[in-house]
Amino acid sequence: HSPVFRGTITDAADFDPSADAEALYNAMKGFGSDKEAILDLVTSRSNAQRQDVIAAYKSNFGKDLIDDLKYELTGKFERLIVCLMRAPAYHDAKEIHDAIKGAGTNEKCLIEVLASRNNRQIHEMVAAYKDAYGRDMEEDIIMDTSGHFKKMLVVLLQGTRDESGVVDADLVEQDAQDLFAAGEEQWGTDEAKFIMILGNRSMTHLHMVFDAYEKIAETSIEDSIKNELSGDFERLMLAVGMKCNDGLSPDITVQGIRSLPMFFAKRLYKSMKGLGTADDTLIRIMICRSEIDMLDIRECFRLIYEKSLYNMIKKCTYLIRLVVSGFAKSAVLCQTDHYSLAGEFFPEAAQIAYKMWELSAMTKVQLRPTVRPASSFDPAADAQALRKAMKGFGTDEDAIIDIVAQRSNAQRQEIRQAFKSLLGRDLMKDLKSELSKNLERLIIGLMLTPAEFDAKMMQKAIEGAGTDEHALIEILVTRSNEEILAMNAAYQDAYKKSLEEAIESDTSGLFCRILVSLVQVMFHENLTLPPGPFQELAEACNADSDDMEVKFMSILCTRSFPHLRKVMQEFVRYTNKDIEQTIKKDMSGDVKNAFYAIVRSVKNKPSYFADRLYKAMKGLGTDDRALIRIMVSRSEIDLFNIRKEFKETHDVSLHEFIQGDTSGDYRKTLLMLCGGED
């Protein structure tokens with residue numbers, strides 16, 4: 001298919017480069033400069049037209065327009081206008097040069113630029129770099145990077161990717177098998193095979209390879225890359241994976257997660273969230289994509305973050321013109337991007353949501369723990385070592401941590417039994433008497449069985465003056481049938497009453513009914529029925545609020561996760577809305593939080609936990625109970641996946657976050673459970 005224009009900047013009608021050159025000259029003449037005039041003119045011309053203006057300026061006034069702009073303007077506004085005036089190849093060359101000059105390297109800039117350009121753009125950029133700096137780009141990058149990351153960058157710099165569009169079905173199957181053999185099928189990873197295939201095959205070919213790979217590996221290529229690779233090399237390969245869907249459909253907004261617009265939407269959000277703004281990233285993306293796919297990036301941004309790019313960027317007066325574009329100050333496009341109510345989608349955004357749910361339904365994620373059974377395990381020796389660590393004056397916390405944090409839960413239960421059999425003592429009581437505060441809570445949590453730990457966390461959420469509704473929701477929406485049954489039994493055994501009774505005595509209304517429903521085990525977890533309830537959910541959205549919430553409860557709390565993925569996919573098709581936004585818009589309080597948690601868990605449970613961990617540690621103070629609860633309960637299930645989601649979403653590793661937010665032996669234990677730095 002021929003590319004479909006999805007930019008926000010187009011050629012201006014009735015363009016006269018000489019008149020524009022004179023207007024810019026007058027805007028900079030005399031004392032001061034007319035910034036509004038410069039901005040209006042530059043942002044309402046395409047890059048090709050700007051190059052004509054530069055040529056006309058030199059012909060008419062014998063001066064270099066870019067030099068004059070640099071002299072007259074300052075700060076970020078100067079950077080923005082000058083970047084707009086550069087030809088794309090020279091702009092890319094400048095970004096690469098700035099990324100590798102000086103003491104540090106901006107690896108994220110290298111990834112963003114080199115993973116998203118086609119062969120022609122790569123060749124033109126390399127030539128522009130040579131012309132502007134008199135140096136070879138490849139040599140400079142080799143000097144400033146290392147390892148597999150460097151090798152993949154060099155491959156991309158060759159600009160030799162197959163762009164013929166011809167696909168060999170046999171080679172597709174072979175590449176899929178080779179990638180599987182290079183990663184998931186063996187211990188260790190053959191990075192060279194990933195580099196060769198992802199660095200040279202056509203995007204159409206890779207799209208088909210990734211689909212074939214998913215059938216073989218029963219997991220997506222993105223998850224395999226996250227599992228098998230790490231650091232900047234992992235991020236580079238994920239960015240290449242994002243590109244493989246680009247341009248495959250005449251409506252290129254229907255791309256699911258593997259897409260450049262989605263990649264750039266995430267980069268834009270990360271450049272603006274938190275304190276301060278990464279202006280260089282913001283400017284680079286807005287300029288580079290304004291004539292390519294900014295409309296798609298806007299819709300992806302709205303879908304992921306439930307706010308418009310326009311509104312988030314509004315604080316930057318000059319950059320906002322690139323979102324709506326020079327000609328798009330007319331009502332239609334401006335109102336389109338202003339309209340950011342959750343749940344109200346353009347058809348394109350709804351289609352993206354549909355594809356995301358479809359991918360969620362099709363993908364089998366390989367869950368990976370960070371704590372595994374210790375080899376050469378000897379419960380008697382561990383029991384004796386723990387007794388020695390607690391005997392006499394003082395306590396050897398390091399010895400306790402090294403044993404407890406590096407054994408599986410099943411092994412810890414053997415240690416508890418051996419401690420009582422050999423020494424006639426209760427290990428849990430000894431640990432409680434020797435440890436204190438958060439370290440004690442964490443170590444005791446690890447020594448409990450999963451069912452005992454969940455029961456205790458439920459009791460902690462319920463007891464006392466207040467109720468921790470977020471903890472109740474988190475536990476009940478994320479546990480399997482088997483885990484719910486075991487927790488119910490453990491709660492009854494420990495507190496001499498049923499968990500259902502405890503919930504009913506401490507909560508009320510529909511929220512209570514939701515929790516009680518979740519405590520029941522009513523469905524087969526892997527059963528997928530025809531997704532009929534989507535129509536009931538859709539019709540409930542037009543009912544009174546109470547009726548809508550009851551209908552949502554009857555479906556969301558009683559269906560299996562595979563079934564709900566299909567329901568939520570069809571809900572988008574039927575309503576042109578995503579169920580997440582519908583819940584956030586039309587519901588409130590604990591009921592909204594419960595339904596939203598169910599939907600998030602159905603879509604991507606590791607992502608849900610990553611968000612919970614982030615909220616537990618961000619800002620002043622730490623929610624240690626939530627931090628301990630998640631780190632203990634997920635360490636032998638999917639904490640590795642959670643780690644990867646945390647890094648991808650928040651652009652900082654879970655390891656770094658824990659290190660900066662905790663201290664002492666408590667921090668040491670958490671970091672051992674975390675299992676790595678990413």
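From a predicted model like this one, the values you see are computed outputs, not experimental measurements.

Procedures and definitions
Residues numbered from 1 in each chain as written. Predicted model: local features only at pLDDT ≥ 70, side-chain atom pairs only at ≥ 80, totals over all residues. Heavy atoms only, no water. Helix = DSSP H or I, 4+ residues; strand = E, 2+ residues; numbered from the N terminus. Buried < 20%, exposed > 50% of the residue type's maximum accessible area, 1.4 Å probe, protein only. Contact = heavy atoms within 4.5 Å. 1 Å grid on protein atoms, 1.4 Å probe; cavity = no way out; pocket = protein on both sides within 12 Å on 5 of 7 lines; lining within 4 Å. Points joined across faces, edges and corners; volume = space filled by probe spheres on them. Nonpolar A, V, L, I, M, F, W, Y, C, P; charged D, E, K, R; others polar. Phe/Tyr/Trp six-rings, centres within 6.5 Å; stacked < 30°, edge-to-face > 60°. Lys NZ or Arg CZ within 6 Å of the ring centre and 35° of its normal. pLDDT = per-residue confidence, 0-100. Axes fitted to C-alpha atoms, helices over the stretch in contact; angles between N-to-C directions. Parallel < 35°, antiparallel > 145°, perpendicular 65-115°, else oblique. Left-handed = near helix turned anticlockwise from the far one by under 90°. Salt bridge = Lys/Arg side-chain N within 4 Å of Asp/Glu carboxyl O. Core = buried A, V, L, I, M, F, W, Y, C linked by side-chain atoms within 4.5 Å.

Peer 1: Provide a residue-level description of the overall build of the protein chain, including the pertinent values.
Peer 2: Secondary structure assignment for the protein chain yields 41 helices and zero strands. In the protein chain, which comprises 678 residues, the share counted as buried stands at 53%. Sequence separation of at least 24 residues holds for 74% of the intrachain contacts in the protein chain that already meet a minimum separation of 6.

Peer 1: How would you summarise helix H10 (residues 147–157) if you had to cite specific residues and measurements?
Peer 2: Every buried residue of H10 is listed here: Phe149, Met152, Leu153, Val154, Val155, Leu156 and Leu157. One or two residues past the end of H10 sits Gly159, with phi positive at roughly 60°.

Peer 1: Go over empty space enclosed by the protein with me, naming the residues and quoting the values.
Peer 2: Overall, the coordinates contain one cavity of 30 Å³ or more when judged by the stated rule. As a volume, the largest cavity reaches approximately 100 Å³. Listing elements by their share of the lining of the largest cavity, those giving two or more residues are helix H7 (107–116), helix H8 (119–133) and H10. Across the lining of the largest cavity, the residue classes tally to six nonpolar, five polar and four charged.

Peer 1: Outline the environment of Ile225, supporting the account with residue identities and numerical values.
Peer 2: Relative to the elements of secondary structure, Ile225 occurs in helix H14 (residues 221–228). Beyond its immediate sequence surroundings of up to four residues, Ile225 is in contact with Phe194, Leu198, Glu234, Met237 and Leu238.

Peer 1: Outline the packing of aromatic side chains, supporting the account with residue identities and numerical values.
Peer 2: Using the criterion set out here, one finds 13 aromatic pairs in the structure. Ring geometry for Tyr129 versus Tyr133: centroids 5.2 Å apart, planes at 55°, classification tilted. Taken together, the positions of Tyr129 and Tyr133, both in helix H8 and four residues apart, correspond to about one turn of that helix. According to the relative accessible area criterion, Tyr129 is buried, its value standing at 0%. Tyr133 sits in the partly exposed class, given a relative accessible area of 25%. By way of ring pairs, the aromatic residues Tyr25, Tyr57 and Phe61 are connected into one cluster. Above the ring of Phe640, the side-chain terminus of Arg368 is found at 4.1 Å from the ring centroid.

Peer 1: Any chance you could break down the confidence of the model for the protein chain for me, citing the residues and the numbers?
Peer 2: When pLDDT is averaged along the protein chain, the result is 85, and 87% of the positions lie at 70 or above. Helix H38 (residues 624–634) holds the highest mean pLDDT among the elements of the protein chain, 97, whereas helix H21 (residues 331–338) holds the lowest, 35. Per-residue pLDDT stays below 50 along residues 247–257; that stretch engages in 27 contacts with residues further than four places along the chain or on separate chains. Across residues 323–345 the pLDDT falls below 50, and counting only partners more than four positions away or on other chains, this stretch makes 58 contacts in the model.

Peer 1: Pulling in residues and values, what's your account of the packing of helix H29 (residues 469–478) against helix H37 (residues 589–617)?
Peer 2: With their axes 9 Å apart at the nearest point, H29 and H37 run at an angle of 60° to one another. If you check the angle between H29 and H37, you find them oblique. Considering how the two elements wind past one another, H29 and H37 form a crossing that is right-handed. Here H29 contributes Glu469, His470, Ala471, Ile473, Glu474, Val477 and Thr478 to the contact with H37, which in turn contributes Asp590, Asn593, Ala594, Ala597, Ile598, Ser601, Lys605, Tyr608, Phe609 and Arg612. Among the residues making up the contact of H29 with H37, the classes are represented as eight nonpolar, four polar and five charged.

Peer 1: Can you lay out the pattern of salt bridges for me, pointing to particular residues and giving the numbers?
Peer 2: By the definition in use, this model includes 40 salt bridges. Residues Lys58 and Asp64 are paired through a salt bridge, measuring 3.9 Å at the closest nitrogen-oxygen approach. Residue classification places Asp64 among the partly exposed positions, given a relative accessible area of 28%. With a shortest N-O distance of 3.4 Å, Asp68 and Lys63 are connected by a salt bridge. For Asp68, a relative accessible area of 14% corresponds to the buried category.

Peer 1: Provide a residue-level description of the nonpolar core, including the pertinent values.
Peer 2: Of all hydrophobic cores here, the largest spans 173 residues; its most connected members are Ile96, Phe595 and Met631. In terms of residue count, the dominant contributor to this core is H37 (14 residues). Leave out the neighbours within four places in its chain, and Met631 touches Leu613, Leu639, Leu654, Ile658, Leu670, Leu673 and Cys674. The next biggest cluster of nonpolar side chains, apart from the first, holds 25 residues, and it includes Leu24, Leu41, Tyr57 and Cys83.

Peer 1: I'd like a description of unusual backbone geometry, backed by residues and values.
Peer 2: With a phi close to 55°, Asp14 is a non-glycine residue in the positive phi region. Of note in this structure, Asp651 is not a glycine but carries a positive phi near 60°. Within the secondary structure, Asp651 is located in the loop between helix H39 (639–650) and helix H40 (654–661). Under the relative-accessibility criterion, Asp651 is labelled partly exposed at 28%.

Peer 1: Please provide a residue-by-residue account of the packing of helix H27 (residues 437–447) against helix H41 (residues 664–674), values included.
Peer 2: Closest axis-to-axis distance for the H27/H41 pair is 8 Å, and the angle between their directions is 35°. In the crossing of H27 with H41, the sense of the turn from one axis to the other is left-handed. Residue-level contacts link Asn438, Leu439, Leu442, Ile443 and Leu446 of H27 to Asp665, Tyr666, Thr669, Leu670 and Leu673 of H41. Each residue belonging to the contact of H27 with H41 can be placed in one class, and the counts come to seven nonpolar, two polar and one charged.

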